[in-house]
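Coordinates in review
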Amino acid sequence: EITTLPFACLSIMFLICASITLAIQVTGFILAFILQTEKFYDILGGLNYLVLALYSAVVIDSSEHAWSDDKRKVACTLVFVSSRGWLLLFLAWRAHERGGDSRFDEVKDKFGKFLVFWLVQGLWVFIISLPLIFVNSSSVWKPSFSGLDCVSLSCFSVGVFCEIVADIQKSIWVKQGRIGGFCCVGIWKYSRHPNYFGEMLQWWACWIFAFSSGVGISDLGWWSSILSPLFTMHILLNTDATGIPQANGKNLKRYYDKCPVEYSNYRETTSILLPMVGYKDIPLFLKRSVLLDLERWEYFPKEKKVNDELKADSKSE
């Protein structure tokens, strides 16, 4: 069958999910503002994802076939829940370990600014979830996976796996005392930000997987869910308060001050996102374009300090 919900009906589904998200985030904000704490901010974000997954899977009934009989809906939901379930566990553990979040030190007593944080989190949760909501809302029945489905679902799973492995490996490295000054263990040996790569990969893959739940390339519902990977990339690539911009630029100073030669070599030989080998030999214009290793994220330490240490190392050999 190649009929699906009219875009107007799908829009209602999106609106209901947005309303659920708004209710969760505003309730969380009210409690957090009264208690003057941010400790459950990330946890409610993770729970919000799971609530939307549950609602779209169980409550929305848009097909004559049961949700549990639709392999595409079940597969997409299971991978989504694995991804966001891990996020919930990891953020809960991190909140416990840190005992707080310094991002909120100067805003949690300011009603308007603190509210913005909660609303932005709700926006992120809702937009990320759009492909899943689209899949679970679809009345399209396709009992078997296409080649595109298999590839995109595999990439979706790989993205989730990559992010989980990166988070675990870095957490262990931190627990062991940050040996070496910067993380280059496991998958971090092949990518400077494998967790962000996994996050971006999974939502592009999820969006592509959702294609078969629509009526084709002209399906407005499917196209609207492209906001999920686009918003993810925008947040992780262009937002100073998080993602790659926060981790790079002037914030690299601590590495160049502590281990300038080692870190310079690491950056020169390690991809910023895509885990790979042979990065050093790739032309600069490809690094700056295809591989997104942009100049604006560089930090230029005093060349003299680096050169002096390089010379010292050469003399000692």
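See the structure above.
This text gives an overview of the structure that appears in the document. Note that this is a predicted model, so its numbers are computed, not measured.

**A closer look at the packing of aromatic side chains**
Considering all chains together, one arrives at 27 aromatic pairs under this definition. Taking the centre distance of 6.1 Å and the plane angle of 55 degrees together, the rings of Phe40 and Trp118 count as tilted. Taken together, the positions of Phe40 in the loop between helix H1 (7-35) and helix H2 (41-59) and Trp118 in helix H4 (residues 111-128) put the pair 78 residues apart, joining distant regions of the chain. Note on Tyr49 and Phe80: the rings are 6.1 Å apart at their centroids and 65 degrees apart in plane angle, and the pair reads as edge-to-face. A residue pair is termed long-range when its members are at least 10 positions apart, and Tyr49 in helix H2 and Phe80 in helix H3 (residues 71-98) qualify at 31 residues. The exposure class assigned to Phe80 is buried, which follows from its relative accessible area of 0%. Taken together, the ring pairs in this structure connect Phe29, Phe33, Phe40, Tyr41, Phe111, Phe114 and Trp118 into an aromatic cluster. Over the aromatic face of Tyr49 sits the side chain of Arg84, whose NZ or CZ is 4.9 Å from the ring centroid. We note Lys287 situated over the ring of Tyr279; from NZ or CZ to the ring centre the distance is 4.5 Å.

**As for empty space enclosed by the protein**
Under the counting rule described, the total for this entry stands at three cavities of 30 Å³ or more. Roughly 50 Å³ of internal volume is contained in the second largest cavity. When the residues that make up the lining of the second largest cavity are grouped by side-chain class, the tally is three nonpolar, three polar and four charged.

How each quantity is defined
- The residue count restarts for each chain, going from 1 along the sequence in the order it is written.
- Residue-level local features of this predicted model are given only where pLDDT is at least 70; pairs of side-chain atoms are given and counted only at 80 or more, and the full residue set underlies all totals for whole chains, interfaces and linings.
- Side-chain numbers come from the whole structure's heavy atoms, not from hydrogens or water.
- Any two rings among Phe, Tyr and Trp, with Trp reduced to its six-membered ring, count as a pair given centres within 6.5 Å; such a pair is stacked if its planes are under 30 degrees apart, edge-to-face if over 60, and tilted if neither.
- The helix and strand labels rest on DSSP assignments: H or I over at least four residues marks a helix, E over at least two residues marks a strand, and numbering proceeds from the N terminus.
- When a residue's accessible area, from a 1.4 Å probe over protein chains only, is under 20% of the maximum for its type it is buried; when over 50% it is exposed; and in between it is partly exposed.
- Consider the ring centre and the ring normal. A charge sits over the ring if Lys NZ or Arg CZ is within 6 Å of that centre and within 35 degrees of that normal.
- For each structure, a 1 Å grid was placed over the protein atoms alone; sets of points admitting a 1.4 Å probe that cannot get out are labelled cavities, open sets with protein on both sides within 12 Å along at least five of seven lines are labelled pockets, and lining residues have an atom within 4 Å of a point.
- Grid points are joined across faces, edges and corners, and a volume is the space filled by probe spheres set on the points.
- Put simply, Ala, Val, Leu, Ile, Met, Phe, Trp, Tyr, Cys and Pro go in the nonpolar bin, Asp, Glu, Lys and Arg in the charged bin, and everything else, Gly too, in the polar bin.

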